[in-house]
Amino acid sequence: MALPHPDFDAQFYETVPLKRLVAFLIDIVIIAILSILTVAVFGVLTLGIGFALFMPITFLVSFAYRWLTIAARSATFGMLFMGIEFRGRDGLHLTSQEAMIHSGIFIALTITVIGWIATVITIMASERHQSLPDLFLGSAAINRPAD
């Protein structure tokens, strides 16, 4: 088994870039809420020190959110809402290890403007609309097949 071929199974890749963008925006809202709650609790428990760690906590929350949701269902909540999911080069859902690697690369790239732009360009230019983490792992986001 392998990823669907874009020439023979084009329906799996139709509108995926737009769906990835909307899913990303949904996930940002979820991550922001989780981060604010985490920082608030940590800030109160540490008598204010936690508030100074807003950015590191946000990156950790973002990484954990992406890793755990992709490992569980091969998609974040935003991706599930938009009807897309990740599949590995073998056509199967991503493993926990693949989800961890994908999430780590994604977070590392999106904290810089150059990494973010390069990721968007590869999504738009590659035939399977793969981001840089996808190209590294051989994975792709596809429209969720009817099971």
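Bear in mind the structure is a predicted one, so any value in this text is a computation, not a measurement.

## Focus on the overall build of the protein
- Counting its regular elements, the protein contains six helices and two strands.
- Its C-alpha atoms give the protein a radius of gyration of 16 Å, near enough to 15 Å, the size a compact globule of 147 residues would have.
- Each of the three principal axes of the protein carries a C-alpha extent, and together these read 60 × 35 × 25 Å.
- Evaluated residue by residue, the protein yields a buried proportion of 40% over its 147 residues.
- Restricting the contact set of the protein to residue pairs at least 6 apart, pairs at least 24 apart contribute 64%.
- When the accessible area of the protein is evaluated, it comes to approximately 8,200 Å², of which 75% is carbon and sulfur surface.
- Computed over 8 positive and 10 negative side-chain charges, the separation of the two mean positions in the protein equals 5 Å.

## What to know about the confidence of the model for the protein
- Across the protein, the average pLDDT comes to 95, with 99% of residues at 70 or higher.
- The least confident element of the protein, judged by mean pLDDT, is helix α5 (residues 113-125) at 95; the most confident is helix α3 (residues 77-82) at 98.

## Observations concerning the pattern of salt bridges
- Per the stated rule, a full pass over the model turns up two salt bridges.
- Note that R20 and D134 form a salt bridge whose closest N and O atoms lie 2.8 Å from each other. A residue pair is termed long-range when its members are at least 10 positions apart, and R20 in helix α1 (residues 16-45) and D134 in helix α6 (residues 132-137) qualify at 114 residues. Grouping residues by exposure puts R20 and D134 together as buried.
- Of the charged contacts, one joins E85 and R87 as a salt bridge, the two residues approaching to 2.6 Å between their closest N and O atoms.
- Assessed through its relative accessible area of 4%, E85 is described here as buried.
- Judged by its relative accessible area of 11%, R87 is buried.

## Brief notes about the side chain of R87
- Looking at where R87 falls in the secondary structure, it is placed in strand β1 (residues 84-87).
- A polar atom in the side chain of R87 sits 2.6 Å from the side chain of E85.

## Here's the deal with the packing of aromatic side chains
- This structure, assessed with the given rule, holds four aromatic pairs.
- Taking 6.1 Å as the distance between ring centres and 70° as the angle between the ring planes, the aromatic pair formed by F24 and F106 counts as edge-to-face. You can see F24 sitting in helix α1 and its partner F106 sitting in helix α4 (residues 96-110), a full 82 residues away along the chain.
- For F24, a relative accessible area of 23% translates into the label partly exposed.
- When the ring of F63 is compared with that of W67, the centres are 5.7 Å apart and the planes differ by 40°; the resulting orientation is tilted. With F63 and W67 both in helix α2 (residues 54-73) and four residues apart, this pair spans about one turn of that helix.
- Residue class for F63 comes out partly exposed when judged on its relative accessible area of 23%.

Rules used in this analysis
- Residues numbered from 1 in each chain as written.
- Predicted model: local features only at pLDDT ≥ 70, side-chain atom pairs only at ≥ 80, totals over all residues.
- Heavy atoms only, no water.
- Helix = DSSP H or I, 4+ residues; strand = E, 2+ residues; numbered from the N terminus.
- Rg over C-alpha atoms; globule rule 2.2 N^0.38 Å.
- Buried < 20%, exposed > 50% of the residue type's maximum accessible area, 1.4 Å probe, protein only.
- Contact = heavy atoms within 4.5 Å.
- Areas by Shrake-Rupley, 256 points an atom, 1.4 Å probe, with all protein chains shown as cover.
- Lys, Arg positive; Asp, Glu negative; His and termini not counted.
- Charge placed at Lys NZ, Arg CZ, Asp CG, Glu CD.
- pLDDT = per-residue confidence, 0-100.
- Salt bridge = Lys/Arg side-chain N within 4 Å of Asp/Glu carboxyl O.
- Polar contact = N/O pair within 3.5 Å; in protein donor to acceptor, adjacent residues only side chain to side chain.
- Phe/Tyr/Trp six-rings, centres within 6.5 Å; stacked < 30°, edge-to-face > 60°.

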